[in-house]
Amino acid sequence: MRLVSIELSDIRRFTAPVRIAPIGPGLNVLSAPNESGKSTLFDALQALFFQPHRSKGKEVISLRPHVGGSPMVAVEIDLPDGRHRIEKRWLSKPAASIHRDGRLIAQADEAEAFLARLVQSGQDSGPAGLLWVRQGLTRLDGDNGRERDMAREARRSLLTSVTGEVEALTGGRRMDHAIARTREDLGHYVTAATGKPAKGGPLATALAELDALATRQATLQATTAQLDRALARRREVRRLLSDLAAPDAAATRQSRLAEATQRHDAARRHADSLAAATAALQAADLQIATLTDRLAALHRARAARDSAQAAQAGAQAQATAARAAAAQAEAGLAPLRAACATAQAARHAADLRHTAALRAEAARAAAARRADLTRRLTEARNLTDQRTALARAAATGPTAPDIATLDTLSQEVQVQRALRDRSAPHLTFHPDGPARALQDGTPIPDGPRPIHGETRFTLPGFGALTVTPGAGADHSALDRAEAALTAALARLGQPDPGQARAAAAARAEAATALADLDRALASLAPQGLAALQADLETLPAPPADHPDLPSLADAQATAEAAALAQSRAEAALAAAQQQATALREADIRAVTKAESAETALMQATTALAALATSEADLTAALAAARTARDAHAATLARLTEAAPDLSAAAAALARAQSIVEQARRDMQALETERAGLDAEIALRAGEGVMEELADTTARLQAAQDRVALLQFEVATLQDLMQALETARNEARDRYFAPVLAELHPLLRVLWPDAELRFDGESLLPSALIRDGQEEDLSTLSGGTQEQVALLVRLAFARLLARGGQHAPVIFDDALVYTDDDRIERIFDALHAEARDQQIIVLSCRQRVFRDLGGAALSFQPLP
Amino acid sequence: MSSFRFIHSADLHLGRRFGTLPEDLRGRLIEARHDSLHRLADAARRTGAHHILLAGDTFDSETPTDPVWRQALLAMGADPALHWWLLPGNHDSLAAEALWSRLCEQAPPNVHPLTDPAPVEIAPGAVLLPAPLPRRYPGRDLTTAMSSTPTDPQAFRIGLAHGAIQSFSEDAHNADAIIPPDRAATARLDYLALGDWHGHLRVGDRTWYAGTPERDAFTHDGRGSCLAVTLPAPGAPPEVQLIPTGRFHWSDLPLPLIPGEDAAAALARLLPPDRAARRDHLIRLRATGRATLAARAALEQAAQAAQADFAFLALDLAALATEVEAADLDHIDQAGALRLAAERLHARATDAALPPDARRTAAAALNRLYAYLSEART
């Protein structure tokens, strides 16, 4: 395919039709400044080949001018079967048509199909299409998914046309299908990332089921084993019960028990006899001891009686002597009591006289106080009388604030008057002789004279002059000031301000005198006249006169002497009374002691009387008791010697009883255990554990088989995937061989030893190898990336050309990052390729691309 | 003494759960086993027999669930005119004390658990000599006592036992408990009714395995049955009639294939033509021989297509070797990566130096590749 011409209409800035023609078979250069429409041309061509005419997508919308319109693109291309005109219009009245040599061969959808075959590669129709390199687009892949897929198909087809066996080499879509199906099926079982069973997938589910069944089997096996143990134990229990309940065994146990019981009873009876003999011996010993004690007690009572008699005699003598001493002491107390009474009477008389002396002294002090109070009361009453008049004067007349108010009002009147005078017309008389003008008969002084109202002047020698000032003057402020002053004076009851001030001075003076009087009154009667009068009245009346009273000091001395004498007398009496009391107590104690001795004597005598009568009997009984004890001792010795072993008999009996009891308990326990085992076995048996175990075991085996099958399936799929990918990768290496062969000399233009590595999936270069170093394409500089893109496009174009199917290569400002040195070498490469290849270069770098050469293209307006 | 007629059956295995089969099929199989009781009763009534001898393994385990054994008793007791004689087998031996004590306690009057090896006169002039299994593996021949058990010389002597008569027993543990094939003769039995072998088998004129009335595995082909036995006179040979009782038909079918054979057609020929009956048919197909990739894929597709007709249909391809032809590889691709992958897989599948598992995996991978590409082609 070779482009011959291009027409644009209603495409962005080209609202008027333009044409680019002729486009030569080799290198063509459209070098124009920015915004001149190069990229628009590029986009329009892409839309022509890739956007259906009914599309209203953003790519189409972006072509429409701002003023609106229906974008239209038409190209002429040469194909092997002739020249074709392809025309397409979008949006309003969309249309697509194909003319060959002037004859319509397809339109609408058929035209689109023709274009699809042209730009995509059908499996049989062979490749075509344009090889694009966009402005600043360094990626070799398309912008969107559709464009990317189409580009990939174009590349695949491109190589097919060249080699004729790419599909066969790579497997093509069938290989894709096989790999996709393998991956899809494998994905059901394992994850692509880890190869582990996919969650929720058949393998994971089967493994989980396997685990669950294994667990369940173990549980059931345990339960089954438990059931087996229960069955075995129940058999054992039954056997034990049978042994225990056997008639021979039971009879033997009972016979042994009866024999042991008999032996034990005999031993117990002998033990009872032995105990009785021992008790009798102990009783005899006790009786001997009792009799011996009673005899000793008799002897002790007799000695006690003798001792009590001696003590009673001594105590009686002591009581008699104590009574005599007490009586004598009591007699010595009477004179002392009399002396004490005398001293008490003397002291009482002295105290009375001392009290009377004290009262007389107080009466004298009260008389002096009364005189003072009487004087102060009189003076205070006089001052009180004066205070009434002063108080009245101090409350009469204007106060200081009243005077201040009057002063203010007076000043306002004067100010208003001065203002009135200033604003009033003034009349000044200038006599030229001695005569003076008169007003109301009074000569008028010199100087200007204000005229406030109609005024009549008498002018001697002239007559009279009446001056009327007119009604323009405003005296209301003065009137208000004068009215206020007059009202204030009336309120104070004063005729004028001067008298008001005099009255205020008199009021102040009276207030000062009143204050002085109040201070004097406060000094005389701080609590008032009534309190002063009350104090006077509370004073005692003057005492009666007692001329025989001693002085206060003498009375006090006499009283103190009488008190001392009384104290001494009372001390002597107390000492005597204390001694008498001690003697009385001694008397009482002696009497009590004598009485106790008497009582003890009586008791000892009584006890002796009780014992003395049985001494002979006691002696005889003691002898008889000793004889009896000897007999009991002999009996005990005989029984002891013949006694059987009671403890052994008891042990034998206990053992026989325990055997019987143990057999009973064992049987009871075994019966209980058997009942429990019956219940357990019945429960387990009813649950069908063995049945479930068999079922679970079968399921487990099935689950193991299924897991094995699934694992085999996974291994199969993994084996297949590996085989497919290995084969495809190897095929791709061969697939890229022709591309690399074409690319190799082009790469040498820029990098002498460089190679490109291609990605098997995208069929695009993925890495650049320079000097043995592999660099990922995405990490290279922008300039290097765009150079690789350009060279790869050229290589594909060479492949096409070599297959006899030329395709134009269009570069839209494809070298924006490339430096000048490499651009020169790229130009060389382009020129070299352009010998067999149509190349269209769009660039804004006019000065640089001027050196590229080739045919120059330009937009030509169409008539 | 007039003739005596009875039904001989065994190995009902009531309660078996069929855990290895699909979930939706298990219930049907379990129910069919229970229904076999009714079908045995029907067989007895049709043949005029009043006694049904079950030669062991009436229950599948020693601890069947309560519904299993109670519903079984109810079914047996439904017709009082029929007497059921139950012999403990290895699956439900006397070690299952709980089971047999309950059966003894709750069995209706016409159901007779045989827990004692003593002879029982089940009908006037007909003595049954049972050999109940005390344990799952008794380790001895329990029919030995039959030889020394005296009975009325005018009475029929019918032995009832459970176990192997040769090494093909259902359970391989009974090697020490082989029942002599001539036990009927040595014990002067008119008939020895045996259980354990799930297919009916004539051991001798007087010795038979009845087989299970409802098949439960692919071990024996066909449907279950029972035997209607008539004893004309003491000492006279018995008359044995096979009566089908099974509902489900079990088939283990070999499918031998040779390269170039139409595998799908071969399968179609093998499957039962009565499509309506397929619902109660369980088939295990074991493909053997060799088949091309295409034939193998066609066989799998045909089996998958027919699967839904049957109660169960499984195709076992483990024994089917893949015969890869040039056309098969061409079908995958004539050249290129796919052809290369296929050839490598084929090489590995036939490489004797590789482990068998690796060869199997490679062969399966090649088969799968063929199937995937067939999808793509269609």
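Only a predicted model underlies this, so the values are computations on that prediction, with no experimental measurement involved.

**Q** I tried to follow the sheet that holds strand 10 (residues 207-209) of chain B on my own but got confused; where do I start?
**A** Where strands meet in a sheet, backbone hydrogen bonds hold them as pairs that are either parallel or antiparallel. Residues and elements named next belong to chain B. In space, the six strands of this open sheet follow the order 5-6-7-8-10-9, with mixed pairing throughout. Two strands lie at the open edges of the sheet, namely strand 5 (120-123) and strand 9 (201-204), each paired on one side alone. For this sheet, the mean angle separating the axes of adjacent strands, direction not counted, is 25°. Alignment of strand 9 against strand 10, held across three bridges, turns out to be antiparallel. Directly across from L201, in strand 10, lies its bridge partner Y209.

**Q** Any chance you could explain the UniProt feature "domain: Rad50/SbcC-type AAA" (unreviewed entry) in chain A here in plain terms?
**A** When the UniProt feature table is mapped onto this chain, "domain: Rad50/SbcC-type AAA" (unreviewed entry) is found at residues 5-56 of chain A. Helix makes up 25% of residues 5-56 of chain A and strand 25%, whereas the separation of the span's terminal C-alpha atoms amounts to 26 Å.

**Q** Just checking my understanding: could you explain the pairing of strand 6 (residues 95-100) of chain A for this structure?
**A** Remember that side chains alternate between the two faces of the sheet whenever the strand is regular. All names here are of chain A. Relative to strand 6, strand 5 (residues 82-89) runs antiparallel, the two sharing six bridges. When the sheet's bridge partners are listed, E87 is paired in strand 6 with S97. Between strand 5 and strand 6, which follow one another and run antiparallel, lie five residues, and L91 among them has a positive phi close to 65°. Examined bridge by bridge, strand 6 and strand 7 (residues 103-107) share four bridges and lie antiparallel to one another. By the bridge assignment for strand 7, R100 is matched with R103.

**Q** Please clarify how the domain arrangement of chain B should be interpreted in this entry.
**A** Frequently, the measure chosen for interface size is the accessible area removed from exposure when the parts meet. Residues and elements named next belong to chain B. On domain assignment, one finds that chain B holds domain 1 (4-244) and domain 2 (249-377). Here the C-alpha centre of domain 2 lies 43 Å away from the C-alpha centre of domain 1. Of the residues lining the interface, 14 residues belong to domain 1; the matching set on domain 2 comes to 11 residues. Both faces considered, domain 1 and domain 2 share a buried interface measuring about 1100 Å² in area, 64% of it formed by carbon and sulfur atoms. When residues of domain 1 are sorted by the area they lose upon contact with domain 2, R28, F218 and D221 head the list and together hold 54% of the total. Across the contact surface, domain 1 and domain 2 share one salt bridge. Two residues, R28 and D280, come together in a salt bridge whose shortest N-O distance is 2.6 Å. For the pair domain 1 and domain 2, the interface holds six residue pairs in polar contact (both at pLDDT 80 or more). In terms of residue class, the side of domain 1 that touches domain 2 is made up of seven nonpolar, two polar and five charged.

**Q** I would appreciate a short explanation of the sheet that holds strand 11 (residues 442-443) of chain A in the present structure.
**A** Residue and element names in this part refer to chain A. Pairing is antiparallel across the open sheet formed by four strands, whose spatial order is 11-10-13-14. The sheet is open, and its two borders are formed by strand 11 and strand 14 (463-467), each paired with just one other strand. In this structure, strand 13 (residues 455-459) lies alongside strand 14, joined through five bridges in antiparallel fashion. The residue of strand 14 that forms the bridge with L459 is G463.

**Q** What is the right way to look at the UniProt feature "coiled-coil region" (unreviewed entry) in chain A in this model?
**A** Residue and element names in this part refer to chain A. Mapped onto the present numbering, the UniProt feature "coiled-coil region" (unreviewed entry) falls at residues 274-301 and 646-734. Helix makes up 100% of residues 274-301 and strand 0%, whereas the separation of the span's terminal C-alpha atoms amounts to 41 Å. This span, residues 646-734, is 99% helix and 0% strand, and a straight line between its end C-alpha atoms measures 117 Å.

Definitions and cut-offs
- Residues numbered from 1 in each chain as written.
- Chains lettered and ligands numbered in written order.
- Predicted model: local features only at pLDDT ≥ 70, side-chain atom pairs only at ≥ 80, totals over all residues.
- Heavy atoms only, no water.
- Pairing = 2+ DSSP bridges.
- Helix = DSSP H or I, 4+ residues; strand = E, 2+ residues; numbered from the N terminus.
- Axes fitted to C-alpha atoms, helices over the stretch in contact; angles between N-to-C directions.
- UniProt positions renumbered as here; feature names shortened; annotations may be inferred.
- Domains from an automatic or database assignment.
- Contact = heavy atoms within 4.5 Å.
- Buried area = accessible area lost by both parts, 1.4 Å probe.
- Salt bridge = Lys/Arg side-chain N within 4 Å of Asp/Glu carboxyl O.
- Polar contact = N/O pair within 3.5 Å; in protein donor to acceptor, adjacent residues only side chain to side chain.
- Nonpolar A, V, L, I, M, F, W, Y, C, P; charged D, E, K, R; others polar.

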